[in-house]
Amino acid sequence: MSAIANHQQAKAWNDWEGRLWADHPERYNAMMDGFNAPLFAAADIAAHHTVLDVGCGTGLTTRLAARRAHRGHALGVDLSAAMLERARRDAAAENLANIAFEQGDAQVHPFAGPGFDTIISRGGVMFFADLVAAFTHLHDALVPGGRLAFLGPQPAGPHSPFARATAALAPYMREPSPAAQGMGSLLDPARISEVLTAAGFHAIEIAPVHADMGFGRDAHDATDFVFTMGPAHHNLRDVDAATLAALRTQVQDALGEFETPQGVRIPGAVWIVTATR
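Since the structure is predicted, the reported quantities are computational estimates derived from the model, not experimental observations.

Draft legend 1. Spotlight on the nonpolar core. Phe 35, Ile 45, Phe 215 and Leu 255 are the most contacted members of the largest nonpolar core, which has 51 residues in total. The biggest single contributor to this core is helix H10 (residues 219-228), with five residues. The residues contacting Phe 215, other than those within four sequence positions of it, are Arg 27, Met 31, Phe 162, Asp 221, Ala 222, Phe 225, Val 226, Met 229, Val 264 and Ile 266. Core analysis: the second largest hydrophobic core is formed by 29 residues, Met 126, Leu 131, Phe 135 and Leu 196 among them.

Draft legend 2. Helix H12 (residues 241-255), seen in detail. Along its 15 residues, H12 runs 21 Å from first to last C-alpha, staying within 8% of the 21 Å computed at 1.5 Å per residue. Of the residues making up H12, those classed as buried are Leu 247, Val 251 and Leu 255. Along the axis of H12, the buried residues cluster in a sector spanning 70°; they form a single face. Exposed residues lying more than 90 degrees from the buried face of H12 are Ala 242 and Asp 253. In this structure, the buried side of H12 is in contact with helix H8 (161-165), H10, strand S7 (259-260) and strand S8 (263-276).

Draft legend 3. The arrangement of the pattern of salt bridges in detail. The final tally for this structure, using the stated rule, is nine salt bridges. For Glu 94, the salt bridge is made with Arg 63, and the minimal N-O distance between the two is 3.0 Å. In this pair, Glu 94 is assigned in the loop between helix H6 (81-93) and strand S3 (99-103) and Arg 63 in helix H5 (residues 60-68), connecting sequence segments 31 residues apart. According to the relative accessible area criterion, Glu 94 is partly exposed, its value standing at 32%. In this structure Arg 63 comes out as buried when scored by relative accessible area, which is 7%. A salt bridge links Glu 257 to Arg 164; the shortest N-O distance between them is 2.6 Å. Taken as a pair, Glu 257 in the loop between H12 and S7 and Arg 164 in helix H8 lie far apart in primary sequence, 93 residues in all.

Definitions and limits used
Residues numbered from 1 in each chain as written. Predicted model: local features only at pLDDT ≥ 70, side-chain atom pairs only at ≥ 80, totals over all residues. Heavy atoms only, no water. Core = buried A, V, L, I, M, F, W, Y, C linked by side-chain atoms within 4.5 Å. Buried < 20%, exposed > 50% of the residue type's maximum accessible area, 1.4 Å probe, protein only. Helix = DSSP H or I, 4+ residues; strand = E, 2+ residues; numbered from the N terminus. Contact = heavy atoms within 4.5 Å. Expected span 1.5 Å × (residues − 1). Arc of directions from axis to C-beta. Salt bridge = Lys/Arg side-chain N within 4 Å of Asp/Glu carboxyl O.

Here is the structure:
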């Protein structure tokens, strides 16, 4: 791996949470799939573009970018060795020749000068240790006129659909899991604009997007997923079996509200942000 600025995140994503995502990419991709179309519409990737995917994880968004830039190239960068191993394997299985993955910290990774037409991120940019330094580095990696497009969560209060579905867990969610630290860094549109302006970007646009998030085939399956997700796993690790069983029953009952013929679908909301060098 190249130089690292985000040491805490590098450690976290190369520990159990990174392996969890690498072993179950279909779970996490199903949760975010509803946001892919609006993200890529905002990115406006052309066939000849060279694209950087920041925090690419197991590589689905990098593969989607490579298909759009079929006469160009897509590079995915992530801290997690386990997720990148999965990303490379899945890209090879799809016979994608215009794609590559590198392990690195995008805040300081040595990109070969201005060269990317488009930079995308499905949430990875919110974990930077120094937001202005990181976005300045990404700004400088774009060609003049190049486009940045990323998404991040909107603020979610105690009455949000996911909060209602997991209300039984709230008293136990005392701290973020190691890999979840930093998730709230770009919740405020004013803060997003401030960071991107300081990093040299212009034509900044921030749009709210809503979509259903897939959590499982039914309430039982979705409960399994919720309890294996990093925050729940981390905060419930010392809870006794009887309490865990009772919590599972409460969460499964609450998730029943969101069962549909297409599985458990919980409404979610993100910001989609675009900016130009």
